[in-house]
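Now for the letters of each chain:
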Amino acid sequence: MAQQEHDGAMWVFGYGSLVWNPEFPVAERIVARLDAYARSFCMSSIHHRGTPEMPGLVLALDERDGATCTGLALRVEPGHEDPTLAMLRERELVSSAYLERRLPLDLADGRRIEAVAYVIDQAHEQYMQELDLEAQARIIAAATGGRGPNDEYLHNTTAHLTHLGIADPDLDWLSTRVRKLRQQQE
(Lines give C-alpha, C1' and ligand atoms only; values in the text may rest on other atoms or scores of the structure.)
Protein backbone atom coordinates (compact mmCIF):
# COMPACT_ATOMS: atom_id res chain seq x y z
CA MET A 1 0.00 0.00 0.00
CA ALA A 2 1.41 3.35 -1.02
CA GLN A 3 1.83 6.01 1.60
CA GLN A 4 -0.08 9.29 1.08
CA GLU A 5 2.26 12.27 0.93
CA HIS A 6 1.25 15.41 2.84
CA ASP A 7 4.17 17.77 2.25
CA GLY A 8 2.13 20.74 1.04
CA ALA A 9 3.32 20.38 -2.54
CA MET A 10 0.88 21.13 -5.35
CA TRP A 11 0.62 18.37 -7.95
CA VAL A 12 -1.20 18.42 -11.28
CA PHE A 13 -2.20 15.33 -13.27
CA GLY A 14 -1.34 15.52 -16.96
CA TYR A 15 -2.95 13.02 -19.30
CA GLY A 16 -3.16 15.08 -22.53
CA SER A 17 -1.56 18.38 -23.47
CA LEU A 18 -0.31 19.02 -19.93
CA VAL A 19 2.13 16.14 -20.53
CA TRP A 20 3.93 18.09 -23.26
CA ASN A 21 2.85 21.69 -22.63
CA PRO A 22 2.23 22.37 -18.94
CA GLU A 23 2.85 26.14 -19.19
CA PHE A 24 3.91 26.32 -15.53
CA PRO A 25 7.21 25.75 -13.71
CA VAL A 26 7.56 22.04 -12.93
CA ALA A 27 9.81 20.86 -10.09
CA GLU A 28 9.24 17.13 -10.65
CA ARG A 29 7.70 14.88 -13.31
CA ILE A 30 6.82 11.25 -12.66
CA VAL A 31 4.56 8.67 -14.28
CA ALA A 32 1.35 8.25 -12.30
CA ARG A 33 -1.84 6.18 -12.33
CA LEU A 34 -5.36 7.42 -11.68
CA ASP A 35 -8.01 4.79 -11.03
CA ALA A 36 -11.70 5.02 -11.98
CA TYR A 37 -11.06 7.37 -14.93
CA ALA A 38 -10.22 6.78 -18.60
CA ARG A 39 -8.36 9.10 -20.99
CA SER A 40 -10.85 9.70 -23.80
CA PHE A 41 -11.50 12.03 -26.74
CA CYS A 42 -14.92 12.73 -25.27
CA MET A 43 -14.95 16.53 -25.11
CA SER A 44 -16.02 18.69 -28.02
CA SER A 45 -13.55 21.55 -28.40
CA ILE A 46 -14.99 24.85 -29.55
CA HIS A 47 -12.08 27.04 -28.40
CA HIS A 48 -8.62 25.45 -28.33
CA ARG A 49 -8.80 22.76 -31.06
CA GLY A 50 -12.00 23.62 -32.90
CA THR A 51 -14.63 26.30 -33.36
CA PRO A 52 -18.37 26.45 -32.70
CA GLU A 53 -18.87 25.97 -36.46
CA MET A 54 -16.43 23.02 -36.69
CA PRO A 55 -15.77 21.57 -33.23
CA GLY A 56 -12.70 19.46 -32.60
CA LEU A 57 -12.13 16.88 -29.88
CA VAL A 58 -9.85 17.02 -26.88
CA LEU A 59 -8.98 14.50 -24.25
CA ALA A 60 -10.74 14.43 -20.93
CA LEU A 61 -10.81 12.18 -17.92
CA ASP A 62 -14.06 10.25 -18.20
CA GLU A 63 -15.18 8.63 -14.95
CA ARG A 64 -15.69 4.90 -15.51
CA ASP A 65 -15.84 1.94 -13.15
CA GLY A 66 -12.77 -0.26 -13.47
CA ALA A 67 -10.87 2.19 -15.69
CA THR A 68 -7.30 3.34 -15.18
CA CYS A 69 -5.49 6.28 -16.75
CA THR A 70 -1.71 6.46 -16.75
CA GLY A 71 -0.27 9.91 -17.20
CA LEU A 72 2.21 12.28 -15.66
CA ALA A 73 2.18 13.80 -12.18
CA LEU A 74 3.66 17.29 -12.28
CA ARG A 75 4.80 18.90 -9.03
CA VAL A 76 4.53 22.67 -9.26
CA GLU A 77 7.70 24.59 -8.46
CA PRO A 78 7.32 25.84 -4.84
CA GLY A 79 6.12 29.44 -4.71
CA HIS A 80 4.26 29.17 -8.02
CA GLU A 81 1.13 27.42 -6.76
CA ASP A 82 -1.29 30.36 -6.91
CA PRO A 83 -0.34 31.62 -10.39
CA THR A 84 -0.28 28.03 -11.67
CA LEU A 85 -3.78 27.34 -10.40
CA ALA A 86 -5.04 30.62 -11.89
CA MET A 87 -3.46 29.81 -15.26
CA LEU A 88 -4.84 26.25 -15.23
CA ARG A 89 -8.34 27.51 -14.47
CA GLU A 90 -8.16 30.03 -17.32
CA ARG A 91 -6.85 27.34 -19.71
CA GLU A 92 -8.93 24.34 -18.67
CA LEU A 93 -12.20 25.89 -17.49
CA VAL A 94 -12.72 28.12 -20.55
CA SER A 95 -16.11 26.57 -21.35
CA SER A 96 -17.01 24.88 -18.03
CA ALA A 97 -17.03 21.41 -19.63
CA TYR A 98 -14.24 20.35 -17.26
CA LEU A 99 -14.64 20.02 -13.52
CA GLU A 100 -11.64 20.71 -11.31
CA ARG A 101 -11.01 17.88 -8.84
CA ARG A 102 -8.34 16.85 -6.39
CA LEU A 103 -7.82 13.14 -6.96
CA PRO A 104 -5.50 10.48 -5.54
CA LEU A 105 -2.63 9.35 -7.79
CA ASP A 106 -0.29 6.42 -7.40
CA LEU A 107 3.19 7.44 -8.51
CA ALA A 108 5.59 5.07 -10.25
CA ASP A 109 7.98 5.25 -7.28
CA GLY A 110 5.34 4.03 -4.80
CA ARG A 111 4.23 7.37 -3.38
CA ARG A 112 0.55 8.27 -3.23
CA ILE A 113 -0.33 11.93 -3.65
CA GLU A 114 -3.32 14.13 -4.32
CA ALA A 115 -3.33 16.13 -7.54
CA VAL A 116 -5.42 18.72 -9.32
CA ALA A 117 -7.09 17.05 -12.29
CA TYR A 118 -9.61 18.18 -14.86
CA VAL A 119 -12.44 15.72 -15.58
CA ILE A 120 -15.31 15.94 -18.04
CA ASP A 121 -18.69 17.05 -16.75
CA GLN A 122 -20.83 14.23 -18.13
CA ALA A 123 -23.90 16.50 -17.97
CA HIS A 124 -22.27 19.23 -20.10
CA GLU A 125 -23.33 19.73 -23.74
CA GLN A 126 -19.71 19.30 -24.88
CA TYR A 127 -19.56 15.74 -23.53
CA MET A 128 -19.32 13.45 -26.55
CA GLN A 129 -20.05 10.03 -25.12
CA GLU A 130 -19.76 6.89 -27.22
CA LEU A 131 -18.04 8.26 -30.35
CA ASP A 132 -16.28 5.36 -32.06
CA LEU A 133 -12.63 5.74 -33.06
CA GLU A 134 -13.39 6.32 -36.75
CA ALA A 135 -15.78 9.18 -35.90
CA GLN A 136 -13.14 10.64 -33.56
CA ALA A 137 -10.49 10.41 -36.29
CA ARG A 138 -12.66 12.22 -38.84
CA ILE A 139 -13.38 15.08 -36.42
CA ILE A 140 -9.73 15.41 -35.33
CA ALA A 141 -8.46 15.39 -38.93
CA ALA A 142 -10.71 18.30 -39.93
CA ALA A 143 -10.72 20.70 -36.96
CA THR A 144 -8.53 23.68 -36.03
CA GLY A 145 -8.95 26.06 -33.10
CA GLY A 146 -7.25 28.89 -31.26
CA ARG A 147 -4.32 26.71 -30.17
CA GLY A 148 -3.86 25.11 -33.58
CA PRO A 149 -4.85 22.02 -35.55
CA ASN A 150 -6.64 19.27 -33.68
CA ASP A 151 -4.35 16.61 -35.19
CA GLU A 152 -1.28 18.40 -33.79
CA TYR A 153 -2.74 17.96 -30.29
CA LEU A 154 -3.32 14.24 -30.93
CA HIS A 155 0.13 13.59 -32.41
CA ASN A 156 1.98 15.54 -29.68
CA THR A 157 0.12 13.72 -26.93
CA THR A 158 0.65 10.31 -28.52
CA ALA A 159 4.37 10.92 -29.12
CA HIS A 160 5.02 12.16 -25.59
CA LEU A 161 3.11 9.31 -23.95
CA THR A 162 5.05 6.82 -26.10
CA HIS A 163 8.33 8.50 -25.11
CA LEU A 164 7.36 8.07 -21.43
CA GLY A 165 6.59 4.39 -22.01
CA ILE A 166 2.85 4.88 -21.52
CA ALA A 167 0.87 2.66 -23.86
CA ASP A 168 -2.43 3.89 -25.24
CA PRO A 169 -3.55 1.72 -28.17
CA ASP A 170 -6.54 3.96 -28.96
CA LEU A 171 -4.33 7.03 -29.35
CA ASP A 172 -1.84 5.06 -31.47
CA TRP A 173 -4.66 3.94 -33.77
CA LEU A 174 -6.10 7.44 -33.95
CA SER A 175 -2.73 8.98 -34.75
CA THR A 176 -2.16 6.57 -37.64
CA ARG A 177 -5.70 6.97 -38.98
CA VAL A 178 -5.69 10.77 -38.74
CA ARG A 179 -2.40 10.95 -40.68
CA LYS A 180 -4.04 8.91 -43.47
CA LEU A 181 -7.13 11.12 -43.48
CA ARG A 182 -5.00 14.29 -43.61
CA GLN A 183 -3.03 12.89 -46.56
CA GLN A 184 -6.31 12.24 -48.37
CA GLN A 185 -7.39 15.85 -47.73
CA GLU A 186 -4.24 17.31 -49.31
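Above: the structure in question.
The rules behind the values
Residues numbered from 1 in each chain as written. Predicted model: local features only at pLDDT ≥ 70, side-chain atom pairs only at ≥ 80, totals over all residues. Heavy atoms only, no water. Core = buried A, V, L, I, M, F, W, Y, C linked by side-chain atoms within 4.5 Å. Buried < 20%, exposed > 50% of the residue type's maximum accessible area, 1.4 Å probe, protein only. Helix = DSSP H or I, 4+ residues; strand = E, 2+ residues; numbered from the N terminus. Contact = heavy atoms within 4.5 Å. Axes fitted to C-alpha atoms, helices over the stretch in contact; angles between N-to-C directions. Parallel < 35°, antiparallel > 145°, perpendicular 65-115°, else oblique. Left-handed = near helix turned anticlockwise from the far one by under 90°. Nonpolar A, V, L, I, M, F, W, Y, C, P; charged D, E, K, R; others polar. Salt bridge = Lys/Arg side-chain N within 4 Å of Asp/Glu carboxyl O. Pairing = 2+ DSSP bridges. Expected span 1.5 Å × (residues − 1). Arc of directions from axis to C-beta.

> Would you explain the nonpolar core in this entry?
As a rule of thumb, soluble globular proteins bury nonpolar side chains together. Membership of the largest hydrophobic core comes to 54 residues, with the highest contact counts inside it found for Phe 13, Phe 24, Phe 41, Leu 61 and Leu 105. Among the elements that make up this core, the one with the highest residue count is strand S4 (residues 56-76) (10 residues). Not counting the four nearest positions on each side in its chain, Phe 41 is found in contact with Leu 57, Val 58, Leu 59, Gln 136, Ile 140, Tyr 153, Leu 154, Leu 171 and Leu 174.

> Would you explain the packing of helix H3 (residues 133-142) against helix H5 (residues 169-185) in this entry?
A pair of packed helices is captured by two measures, namely the crossing angle of their axes and the spacing between those axes. At a minimum axis separation of 9 Å, H3 and H5 run at an interaxial angle of 50°. Overall, the two elements H3 and H5 adopt an arrangement that is oblique. The interaxial crossing formed by H3 with H5 has right-handed handedness. Only Asp 170, Trp 173, Leu 174, Arg 177, Val 178, Leu 181, Arg 182 and Gln 185 of H5 make contact with H3, whose side of the interface consists of Leu 133, Glu 134, Gln 136, Ala 137, Arg 138, Ile 140, Ala 141 and Ala 142. Tallied by class, the residues present in the contact of H3 with H5 amount to nine nonpolar, two polar and five charged.

> Explain the pattern of salt bridges to me, please; I cannot follow it from the model alone.
Two side chains with opposite charge may pair up if their charged atoms get near one another. Across all of its chains, the model carries 16 salt bridges by this definition. Notably, a salt bridge pairs Asp 62 with Arg 64, separated by 3.3 Å at the nearest N-O pair. The exposure class of Asp 62 is buried, given its relative accessible area of 3%. Residue Arg 64 is classed as partly exposed on the basis of its relative accessible area of 38%.

> So what exactly am I meant to see when it comes to the pairing of strand S3 (residues 26-45) here?
Successive residues of a regular strand alternate their side chains across the two faces of the sheet. Within S3, 14 of the 20 residues are buried, which leaves the element mostly enclosed by the surrounding structure. Where S3 and S4 come together, 16 bridges link them in antiparallel fashion. Each residue of the ladder has a partner; that of Arg 33, found in S4, is Thr 70. Bridging between S3 and strand S5 (residues 98-107) involves two bridges; their strand directions are antiparallel. Across the sheet, the residue bridging to Arg 33 is Asp 106, located in S5.

> Looking at this structure, how should I read helix H2 (residues 81-92)?
Think of an α-helix as 3.6 residues a turn; residues three or four steps apart then line up on the same face. Here H2 contains 12 residues, and its C-alpha end-to-end distance of 16 Å stays within 8% of the 16 Å for a straight helix at 1.5 Å per residue. Within H2, the full set of buried residues consists of Thr 84, Leu 85, Met 87, Leu 88, Arg 91 and Glu 92. In a view along the axis of H2, the buried residues occupy a sector of 165°, so they form one face of it. Away from the buried face of H2 by more than 90 degrees, exposed residues Asp 82 and Glu 90 are located.

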